[in-house]
Every structure is written in structure tokens, then in C-alpha cells.
Amino acid sequence: MPEIFIDDKRYEFEGSPVLLQFLLDVGLDHPFFCYHPSLSIPANCRQCYVEVGTPVPNRETGDYELDENGERVIRFFPKLMPACKMEASDGMVVKTHRSSELVKRGHKDVLEFILMNHPLDCPICDQAGECPLQIQTYKYGPEGSRFEHKKVHKPKRIKLGPRVILDAERCINCTRCVRFTEEISQTHQLAIISRGDKNYPATAPGREFDDPYSLNTVDICPVGALTSSDFRFKARVWEMNQTPSIDVTNGKGANIDIWTRDNLVMRITPRFNPNVNDYWMPDFGRDDYRRMNENRISRPEVKVDDTRIKSSWHNAVLTFNEYLSGVNNKEILGIGSAFSSVEDNYALNKLLNRIGVSELVFTPNIEEGSGDGFLISDDKYPNTNGCRLLGLKEMNPAGLNKAISAASVKVVVMMEDDLVGRSVVTAEDLKDKKVIYFGSNNNETSKLADLVVPITCSAEHTASYVNVDGRIQRTIPAKETLYTNRKLNLEMSVGRLDRYATKYDNWSSDDNRIDCVPAWEFIENAAEQSGQPFNFADARDVFEDLSKSIDAFSGITYERMDDELGVVIAGSEKQKVTSA
Amino acid sequence: MSTDWKSFQPLLIPKIPNLHKIDVYEKNGGYKTLKDILTSKDHTPESVTNTVKAANLRGRGGAGFNAGLKWSFMPKPDGGPRYIAANGDESEPGTFKDRQIFEYNPHQFIEGSIIAGYAMDITAVYVYIRGEYRSWINMFQKAVDDAYAKGYLGKNICNSGFDLDMYVHSGAGAYICGEESSLMESLEGKRGYPRVKPPFPAQKGLWGRPTTINNIETLANVPLIMKNGSEWYTSIGAKTHPGPVLYGISGHVNKPGVYEYPTGMLISDLINEVCGGMRGGKKVKAVIPGGSSTPPLRGDQLDGVRMDADSLREAGSMMGTAGMVIMDEDTDMVDVLWRISHFYHHESCGQCTPCRDGTGFLEKTLIKIKNGEGETRDLDLLLDLCTQIEGRTICALADAAAWPVRYTITRFREDFEKRVKKSAFALA
Ligand SMILES: Cc1cc2nc3c(=O)[nH]c(=O)nc-3n(C[C@H](O)[C@H](O)[C@H](O)COP(=O)(O)O)c2cc1C
Ligand code: SF4
Ligand code: SF4
Ligand code: FES
């Protein structure tokens, strides 16, 4: 296997990796700004210098030339080389700042230049705390500044588009944002304008940066030059907790991080998954934090004499069982939801099956042609394939409408899906029927229900979803409900303040904890109340149960989903989502 | 020097009235060399390349690289398009010689380009001309149209089956677009950001295809070599840097202008004999030999220094574009250096950090010194900054910005010390 010597230590490698990436991959910290593993390499920041030498092959023998001591002769490049523009090659000798004063000086020199025109406004800059420039300046930068002149002034607070704001003075001209619009989103909406130290990215005159992926540039901007107009000034990074999860706003299931503070979701950012979304996600997925915070259904509601009132959980369970047992099982229609998780659909289906109701029906939410073949799918729900694999009965909207409106149906049990809002059914269709609605947010359908069961949203539960490509992935709770506690639930993430501060510094408010439970938990309670518990203590139990009883899920576990960055379910990758 | 410069007859811009007209050019033997090459069996693309290589024609655009050798880097033709980008961006301060060719002898350059095109199996030649040269662009376009009309450009040139197109492209006012890879980006309609090399233009040039970049004057030499042979050519001027060259001389001399002489001229001859001596009989204080990026020489160190790569290297400078700036004893080198630094600060494309911000740091420090607010440690700072810039960037503009600073300060330190206060502390 080819070998490379870095700071006198030997490493082996395969292929011809980018030297900078190789350094990072073997755990050697190295400063850089412009390089990004998923973008082209412009080598413009000049921060990643190393000294590089190669052995000298002997043309005749094919071996490497040796000196009088029998050591390989190494020919060093006469200049400092950017590690991002070098490929590892056999026998290469690399000196980083750990072993070369020249490299150390090189790193410091470049930072001195970058900082000379960079505003000293970290205390009011949103990027502070997660800023590559700030971090690398601490690690590799000069101690003070020798620059005693006026900094270059450039425009500030430029609204590049509806979601992104630019502070041109903070920009270090790495061109990551420009390359993103050229190479990834391919809208070509950004370009660097002007010249020299007056450079900054801009849109064409009169045009907006309304790229549906525009906020990714905020993530990859290595400084606070690009900020999200929605998130800026709302929270400091160190006040938030970061929890890995899945985007449920469309069928792709981009991997995300959910950032919470005081039990409110502050922002959503993409999380790297090379098999799904790489480093990116669509802008609208980030807006989903509103759904997690606002307009939530908290505490069960029941209809008494045409008025809906809040109810206790005990009463809600009793009402639920009463509705189901009050009619013939043929008069009950169970409706699953491609918006809800595999676990919740499974639990409801299992319960209804047991009392003789046939399979849940569901109708996918597909807007033909609205996808872009990249990270926005035609399918607007995260779990259509999950419903199919569970064996739910797929119907088109007209079919579902017919099934619901049938006079024989007296009780409708709906998993979260705003069928009225989606115009699949009307209030008229549901008249004279008892409607049970499991939901996390108030909507047109919940308004009409006779029993509303408030359930956790994707930021509050552990649950799995099967995306349009047949990949099953899971969420991890990021936000507490009234009944969960981040200190007790070891899966929930801890932030810096959780770890190091007093309890008065963090999570001081109970205001934002919603009175809700996962749907499967309510169903378990209902089963138990009727004397036949399933014995589901947590989501893991539900999943284990379904993976045992449904072939498609057999052998799949939460651990595999975590370790393998989601698991493709055999056979389902070919399944095309259609509106049929 | 083997030729006596006083009897030298200009070859690039011969003294023939109306030579820019195609008929006059043809009457004086123009395009004959091209026809010979295209139609006689004695010539192959390889033989042409080898002749130019043997002539040791060194690039006149600044770097002085052997043109024939550069041509030989082009990969074997694969049926796809291949290009020449002829560099007439001519924006380096002190340089104004290519425009003489556009004005007085455009066809010799066109003929040279076609021969080069034949040698490298080229599809099209792009002639990139400095945008401010509006009237020269128009003049040159006329020459190209005439060459098309006479069948020297276009399809089946001189009935040889060889096709070549020539396009004239106007720059838009950026010095950096004279740098070869930036020039290609600009031709492709993109922002003039130099490319990181490798890949080199011969591997991946314009639109990703093999491309050779040559200066206008370089290509104008090609018909001479092909007509008279490489031996004849190497007998002109300096041994290791032969041929005729256009000296663009400006500054405090009595007769500034563009003069054609062999390479290897004594700088003192150029000043005293060719340009009629210094204005007002003043002493020479400094000479910039080849455009503002080349290190200035002291007037009292010019003895025996000749205008060729070897002699100038020994003296501590470079041939560059042979755009010479002669300055007399009244010149303030602080002002000169500030003006040069201002240029590079203004023209940096801003792509890489040491150049984008370093050039500004240099200029701002020089303004401080110029305004009498500097200290001795600012001089050390400037030299330190040069070390932080040189050799650390994507293209050579940053070096071009740093060298004048380094060598003006080290060679004319007394001018700077006069302007600055003594520092109480050394540089951090
Ligand atoms: C910043 C910069 C500006 C340049 N400007 C010019 C120019 O205006 N004209 C030119 O011929 N070469 C210029 N060059 C040199 C070109 O990059 C290239 O070396 C040259 O055109 C090659 O032609 P030659 O080999 O015939 O000299 C410049 C180089 C740099 C680094
Ligand atoms: S705005 Fe940010 S990402 Fe874009 S070039 Fe500037 S520093 Fe780089
Ligand atoms: S050295 Fe200067 S001009 Fe050249 S690429 Fe870098 S910033 Fe641009
Ligand atoms: S990371 Fe910017 S030059 Fe290497």
C-alpha cells in the first residue's frame, strides 16, 4: 500500500486523496477556509500551506534515489504548497506546522492578511462560536496586529435575497458561496464583483438570491458574512443544543441537526450524509422549526355537546376506547398517514386489526413535477414508502374520499394528516361521524375532530421514516415534552451549558414543553386500559415488534440506522412513488 | 554582441511606409514565408516547432520562456479544437510596444500566428487586446479582415487544406487579464481570476482544450525565423536571448519612444545614444528595465549592464517586457514606489489572500511613509510583508507587487530613511 510521511510519521493511503482531506481524515488538525469536500478546489485562501517533498525515482532501476547514508533523497517544492491542491503520492514527505517553522509562519502570515480587513466585531457577530476564522485565529493566528491603517469599507446588511443577508466587510472571499450556486444548486445566482480587496459576492443587478437552497451558503460561509435573515440575532451557538434528526418536510429525508434553546427549536441545519443529502438541504426544510414551536396541540381535547373542551389524558383514553367499542368493527375506518412515522402507523394498525378493522388506508401527498431531482421530491411527506412497506392500503384522494364518505362508516380514526386542508375530504363528508384525530399541530382537520390526541412532532420523538429511495432513517428527540426530560433520556443531546453551567443558565423555562405523547404511547395506554396491553415501553419496543412481524423490516434496528447512516430496505429502492 | 547595433535595420517594424496595408506587406515579401511553409514538402509542423525552438525565441511578454519549447508541450492532436491566445493585453506600467505592431506591422504578427497555428495544429487564434487600445483594436481588426479577404485566414489557407480562424477580443480594463490563465477565463466570458496551475494551458486551456499563449511581439518574430533560419536569428543580439526587440523607453530622457534594436544593448547606450541622453543633462538615478514589476537598478550600477536575461539577472533584475523607465536624480523613490504599489493594489484580482490584502497593506504603509508619518520599522515591516507575499499566491501578480517594494527599499534606502522617524521599538 502506498505510504506517506507526515511530520516524520508514516501513514498508508489508498487512491490519490487530496492531501488536506487526508490530514483531516487521520485526525491532524489543519487550518483552511476555501476548501470544501463537495466543491471544486480554487486554492484561493492560501491558509492550508504545508511543505511537500517527493522522493526522486531513478529512471533505470525504478527505485528511489538514495543519499550516501542510504536515506531516500527527497526533493522539496521550493515554495509553501496549499495542501488542498496536492494529491497524496507514494513516498511523499509532508511537513505541517507541527514540524516546520516555515509552515507555522505561513499560517500566521495569511491570517494576519485576512484579519487586517476583517471587522473586529465577533461580540456582535452571529458566527462567533462556530466561526472557522475565529477558531483558526486562536490556534494559528498572530498575537496582535501590525496593521495601523483604515480598514477597507464595504456594504453591510445587503439583502441578497429573501432569506440571506450579506455583510461584505466580513467576507474573506473564499468563493464557497459562489461555487455552491454554480456547482450544487446550479442557479448561478452569485458572483464575486469588483476587484482586489473591494471584492464581495453579489447577485446580478436587479436579481434576487432566491435559490431554493440559498441558506446552505450561510452554513458553508466560513465567517459571519452570510447570515440567515430569519435566524440572525436569535441565539448564540453556545446557548443551543444540537440534536441529529431527519427533515420531514419532503420525501427525501435530508439529515439535519435541530438546534434548541429553552425547549424551542431555534434553527435547523443540514447534517452530512453522503447517501442522502451530502452537506445540503432545501431552504423550506429549515422553516419547519416553526411547526415544531408554534400552533401546537397541547393536552387532549374532546367534544362535549358540540363544544370542544380540554380533557385529561385518562378521559381521552376512555373516550377513545368508547368510540371504538361503541360501533361494529365494520363501521370503523382507520386512516394512516405518510406524514407520520413507521412506529405510529404500525401501532394504530395493530390496535385496529386486533378489533377486526381492516388495514389502515392512506393517500400519499404528491405534487407531480414539484420536485427538482435533487433534494426536493415530488412527494411532500416523509414516509410514503414506510406506509407501503407496512402494508397499508394506498388510495388516491378520490378513493379515500369515497371510503370516508361511505354511509357505513361511523367512526374515523386519523393519524396526523390534514386531509381537510389538503381538500381530500370536506367537513360535509365528516358530518355525522365520530372523528378521532392524532395530531401535533392545529389544522383544518383537527378543528372538526371529536377527539384530538396531541402527539409529539418529529423534534420530540424517536421514530423512523422511509424516504423516497427506500432508506429508513430515524429521529432523536431534540425538544422536551411535559413527560420527557433531557437529563433522563440519554439519547437527547446536551449542550455546552447543560454540561458546564448551573441550571439557572439554561432551560430555565417550562413554558415551551408541550402536553403531548407519541401516538404509539397513547395507543399502548388505550390497549392497556382495555385490558390487553402490547407492552410497548418505548419506541424501540414498537420497532422491534414490527421488525419481527413484517418481513421488509426484518433485521433492521435503530443501531443499524445510526451506524449505517440509514438502511436501504431491500426491494423498496426500486419502488417509485406514484400518485396512484 | 555580434551585430553592430548602429547599423541594425529594424525587422519587426521596418521603416517601410504603409506597411500595415496588406498589399504593401505582400509587396515586401509578406506572407511568402507562410505560403512556403504551407505548400512545400520540406516543412512539417515538427520542423517548424524545432526551428523556432532552435532559434531560442524567448517570450516577449515578460517571462522570457523559449517559444518553440512551449509549443512542443502541446499534446498530439486528437481531432478536437486547439487554440492560440495571443496576448496583447499590454497593461504593465512602462510597456507600450505591442501596439506599435498593431499599428505599423500587423500582418507580420498575423503571419507569425498562422505559422504557429500550423506548427501546433491550431483551430483558432484569439487575439486579446487591451480594452483601452480602442483605435489599435480597430486598426488591427481591419488587418484581420484584409487577411481573410486574401485567403490567409479562414478555410483552406493558400490552397493547402489548412484552416485557421482569428478572432479579435477586447479586454475590459483589467491588468490581471494579461496573465495567461486569467486571459483565458476572460475569453471564456468569466471573471478574470487566474487559474491554479497545474493543469497547464497546453493540457487544459481555453474551454478545457490545449492552448498556447504567446505575446504579440513573440509571434511577430516567427516569420523572421522561418524565413532566415534559426542560425541567422541566434546571431542577432545576445547569445542566450537573441533577436530583435522593441524597447519601450519612457521617463526623463530626451527622446522617449519605442526603439527596435537587438537584445543585449547596453543600458547606457540606450539612454545616451538612442534616446539622446538625459533631460537637462541630469544624472540617472534609477532604471526599471522591463516594466514596473522588474526590480529597479541604481543609476550608479549600470556599468556594462545589458538588456538581456543573463546580464540583467546578474545585475539583480529582469528583462520583463523591455519597457524601460529611466529616472533622473531629482526623482523621489518613495513617490515612485508608492505609485507602483498603488497600481498593484488596484489591479490585484483579489482571489488569493496574500495578494488581495497584502498589496493594500504595502500601499497603505507607503502612504504613511510618503506623508512623513512613517518610522524606520515600517521599512522592516514592508520587507517582512514582501516575504509573506512572494511565492505564495496563485499567479505572479503578487510577486510583481512585492519585488519593486523589496528592491526599491533595499537599493534606495537613503530616500526612505530621509522620510521616516527613528523607531523606539523594533518591528513585532
Ligand atoms: C499579472 C500579469 C500580467 C501579465 N500581463 C501580460 C500582458 O499584458 N501581455 C503579455 O504578453 N503577457 C503578460 N503576462 C505574461 C503572460 O502570463 C504570459 O507569460 C505571456 O503572455 C506568454 O507569452 P510569451 O511566452 O510569448 O511571453 C502577464 C503576467 C502576469 C503575471
Ligand atoms: S460571503 Fe462567505 S462564503 Fe461567500 S465568499 Fe465571502 S466568506 Fe466566502
Ligand atoms: S496573486 Fe493576486 S492577481 Fe494573482 S490570483 Fe492571486 S489575488 Fe489574483
Ligand atoms: S484551503 Fe484555501 S488554499 Fe487550501
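What counts as what
Residues numbered from 1 in each chain as written. Chains lettered and ligands numbered in written order. Predicted model: local features only at pLDDT ≥ 70, side-chain atom pairs only at ≥ 80, totals over all residues. Heavy atoms only, no water. Helix = DSSP H or I, 4+ residues; strand = E, 2+ residues; numbered from the N terminus. Rg over C-alpha atoms; globule rule 2.2 N^0.38 Å. Buried < 20%, exposed > 50% of the residue type's maximum accessible area, 1.4 Å probe, protein only. Areas by Shrake-Rupley, 256 points an atom, 1.4 Å probe, with all protein chains shown as cover. Pairing = 2+ DSSP bridges. Contact = heavy atoms within 4.5 Å. Buried area = accessible area lost by both parts, 1.4 Å probe. Salt bridge = Lys/Arg side-chain N within 4 Å of Asp/Glu carboxyl O. Polar contact = N/O pair within 3.5 Å; in protein donor to acceptor, adjacent residues only side chain to side chain. Nonpolar A, V, L, I, M, F, W, Y, C, P; charged D, E, K, R; others polar. pLDDT = per-residue confidence, 0-100. Phe/Tyr/Trp six-rings, centres within 6.5 Å; stacked < 30°, edge-to-face > 60°. Lys NZ or Arg CZ within 6 Å of the ring centre and 35° of its normal. Axes fitted to C-alpha atoms, helices over the stretch in contact; angles between N-to-C directions. Parallel < 35°, antiparallel > 145°, perpendicular 65-115°, else oblique. Left-handed = near helix turned anticlockwise from the far one by under 90°. Patch = residues over 30% accessible without salt bridge, like charges linked within 9 Å, V, L, I, M, F, W, Y side chains within 5 Å. Near = heavy atom within 4 Å.

1. Thoughts on the overall build of chain B
Here comes step 1: Per the secondary structure count, chain B includes 18 helices and 12 strands.
Here comes step 2: In terms of overall size, chain B behaves like a compact globule, its C-alpha atoms giving a radius of gyration of 22 Å where 428 residues would be expected to give roughly 22 Å.
Here comes step 3: Projected onto the principal axes, the alpha-carbon positions of chain B cover approximately 75 × 45 × 35 Å.
Here comes step 4: Within chain B, the fraction of its 428 residues that count as buried is 61%.
Here comes step 5: In the structure as shown, chain B presents an accessible area of about 16,300 Å², 51% of it carried by carbon and sulfur atoms.

2. Brief notes about the pairing of strand β20 (residues 411–414) of chain A
Consecutive side chains of a regular strand alternate in pointing toward one face of the sheet and then the other.
All names here are of chain A.
Here comes step 1: With burial as the criterion, each face of β20 is covered, one bearing Val411 and Val413 and the other bearing Val412 and Met414.
Here comes step 2: In the sheet, strand β17 (residues 332–335) pairs with β20 via 4 bridges, with the strands oriented parallel. Bridging from a neighbouring strand, Leu333 pairs with Val412 of β20.
Here comes step 3: Relative to strand β21 (residues 434–439), β20 is paired through 4 bridges, and the arrangement is parallel. Its bridge partner being in β21, Val413 is matched across the sheet by Ile436.

3. Digging into the interface of chain B and chain A
Here comes step 1: The interface of chain B with chain A comprises 35 residues on the first partner and 36 residues on the second.
Here comes step 2: Counting each side, the surface lost to burial between chain B and chain A is near 2,900 Å², with a carbon and sulfur contribution of 50%.
Here comes step 3: When the buried surface of chain B facing chain A is broken down by residue, Phe361, Lys364 and Arg392 of chain B rank first, second and third, together holding 23% of it.
Here comes step 4: At the junction of chain B and chain A, the tally comes to 5 salt bridges.
Here comes step 5: Of the charged contacts in the structure, one is a salt bridge between Glu347 of chain B and Arg195 of chain A, with a shortest N-O distance of 3.3 Å.
Here comes step 6: At the junction of chain B with chain A, the criterion picks out 27 residue pairs in polar contact (both at pLDDT 80 or more).
Here comes step 7: Within the residue set of the side of chain B that touches chain A, elements represented by two or more residues are α14 (333–347), α15 (353–370) and α16 (376–389) of chain B.
Here comes step 8: For the side of chain B that touches chain A, the element with the highest residue contribution is α15 of chain B, accounting for 10 residues.
Here comes step 9: When the residues that make up the side of chain B that touches chain A are grouped by side-chain class, the tally is 13 nonpolar, 13 polar and 9 charged.

4. Digging into the pattern of salt bridges
Here comes step 1: The full count for this structure, using the stated rule, is 68 salt bridges over all chains.
Here comes step 2: Glu132 of chain B is paired through a salt bridge with Arg130 of chain B; the nearest N and O atoms lie 3.3 Å apart.
Here comes step 3: Residue class for Glu132 of chain B comes out partly exposed when judged on its relative accessible area of 46%.
Here comes step 4: One salt-bridge network, in which partners are shared between bridges, spans Arg105, Asp109, Glu112 and Arg146 of chain A together with Asp384 and Arg392 of chain B.

5. Concerning the confidence of the model for chain B
Here comes step 1: Of all residues in chain B, 99% attain a pLDDT of 70 or more, and the chain-wide mean is 97.
Here comes step 2: Under the prediction, the complex receives an ipTM of 0.95, its pTM being 0.95.

6. As for the sheet that holds strand β11 (residues 297–298) of chain B
Here comes step 1: Strand order in the open sheet formed by 5 strands is β9-β8-β12-β10-β11 (chain B), and the pairing between neighbours is mixed. On the outer flanks of this sheet lie β9 (257–262) and β11 of chain B, each paired with one strand and no other.

7. Remarks on the packing of aromatic side chains
Here comes step 1: For the coordinates displayed, the defined rule picks out 36 aromatic pairs over all chains.
Here comes step 2: Ring pairs connect the aromatic residues Trp313, Phe320, Phe438, Tyr483 and Phe522 of chain A, which therefore count as one cluster.
Here comes step 3: The lysine or arginine in question, Arg267 of chain A, covers the ring of Trp259 of chain A, its NZ or CZ lying 4.1 Å from the ring centre.
Here comes step 4: The ring of Trp338 of chain B has Lys370 of chain B lying over it, and the distance from NZ or CZ to the ring centre is 4.4 Å.

8. Overview of the sheet that holds strand β8 (residues 164–166) of chain A
Residues and elements named next belong to chain A.
Here comes step 1: Across the sheet, 3 strands lie side by side as β7-β8-β11; this open sheet has antiparallel pairing. Each edge of the sheet is formed by a strand with only one pairing partner; in this case those strands are β7 (158–159) and β11 (226–228).
Here comes step 2: In terms of strand pairing, β7 meets β8 through 2 bridges, oriented antiparallel. Bridge pairing in β8 places Ile158 opposite Leu166.

9. With respect to the packing of helix α8 (residues 313–325) of chain A against helix α15 (residues 519–529) of chain A
Residue and element names in this part refer to chain A.
Here comes step 1: Between α8 and α15, whose axes approach to 9 Å, the crossing angle comes to 70 degrees. As far as their axial angle goes, α15 and α8 are roughly perpendicular. As α8 runs across α15, the sense of the crossing is right-handed. On α15, the residues that touch Trp313, Ala316, Val317, Leu318, Phe320 and Asn321 of α8 are Phe522, Asn525, Ala526 and Gln529.

10. Concerning a nonpolar patch on the surface
Residues and elements named next belong to chain B.
Here comes step 1: Together, Phe65, Leu69 and Phe73 make up a nonpolar patch on the protein surface, roughly 260 Å² of accessible area in all.
Here comes step 2: In this structure, Leu69 sits in helix α4 (residues 67–72).
Here comes step 3: A relative accessible area of 30% places Leu69 in the partly exposed class.

11. So, the packing of helix α9 (residues 342–354) of chain A against helix α16 (residues 539–549) of chain A
All names here are of chain A.
Here comes step 1: With their axes 10 Å apart at the nearest point, α9 and α16 run at an angle of 70 degrees to one another. The orientation of α9 relative to α16 falls into the category roughly perpendicular. In this structure, the crossing between α9 and α16 has a hand that is left-handed. Across the interface between the two elements, Val342, Glu343, Tyr346 and Lys350 of α9 pack against Ala539, Val542, Phe543, Asp545, Leu546 and Ser549 of α16.
Here comes step 2: Across the contact of α9 with α16, the residue classes tally to 6 nonpolar, 1 polar and 3 charged.

12. A look at the pairing of strand β2 (residues 9–12) of chain A
Here comes step 1: Pairing of strand β1 (residues 3–6) of chain A with β2 of chain A, which is carried by 4 bridges, proceeds in the antiparallel orientation. Within the sheet, the bridge partner assigned to Ile4 of chain A lies in β2 of chain A and is Tyr11 of chain A.

13. Quick look at the site of ligand 1
All names here are of chain B.
Here comes step 1: In the region of ligand 1, 18 residues are neighbours, and Gly61, Lys70, Glu90, Asn215 and Thr218 sit closest.
Here comes step 2: A distance of 2.7 Å separates an oxygen atom of ligand 1 from a polar atom in the backbone of Gly61.
Here comes step 3: Taking 610 Å² as the accessible area of ligand 1 by itself, protein coverage stands at 89%.
Here comes step 4: Per-element accounting of the shell around ligand 1 gives the leading share, 3 residues, to strand β5 (residues 211–215).
Here comes step 5: Its residues assigned to classes, the shell around ligand 1 comprises 4 nonpolar, 8 polar and 6 charged.

14. Concerning the environment of Val336 of chain B
Here comes step 1: Structurally, the position occupied by Val336 of chain B is in helix α14.
Here comes step 2: With 72 residues separating them along the chain, Val336 of chain B and Thr408 of chain B place their C-alpha atoms 9.0 Å apart.

15. A word on unusual backbone geometry
Here comes step 1: With omega at -5 degrees, the peptide bond leading from Lys197 of chain B into Pro198 of chain B counts as cis.
Here comes step 2: On the secondary structure map, Pro198 of chain B appears in the loop between α8 (180–187) and β5.
Here comes step 3: A cis amide bond links Pro198 of chain B to the next residue, Pro199 of chain B, at an omega of 0 degrees.
Here comes step 4: Within the secondary structure, Pro199 of chain B sits in the loop between α8 and β5.
Here comes step 5: For Asn173 of chain A, which is not a glycine, the phi torsion comes out positive at approximately 60 degrees.
Here comes step 6: Note that Asn173 of chain A resides in the loop between β8 and α4 (176–184).
Here comes step 7: Here the phi dihedral of Asn156 of chain B falls at roughly 50 degrees; this positive angle occurs in a residue that is not glycine.
Here comes step 8: Relative to the assigned elements, Asn156 of chain B resides in strand β3 (residues 154–157).

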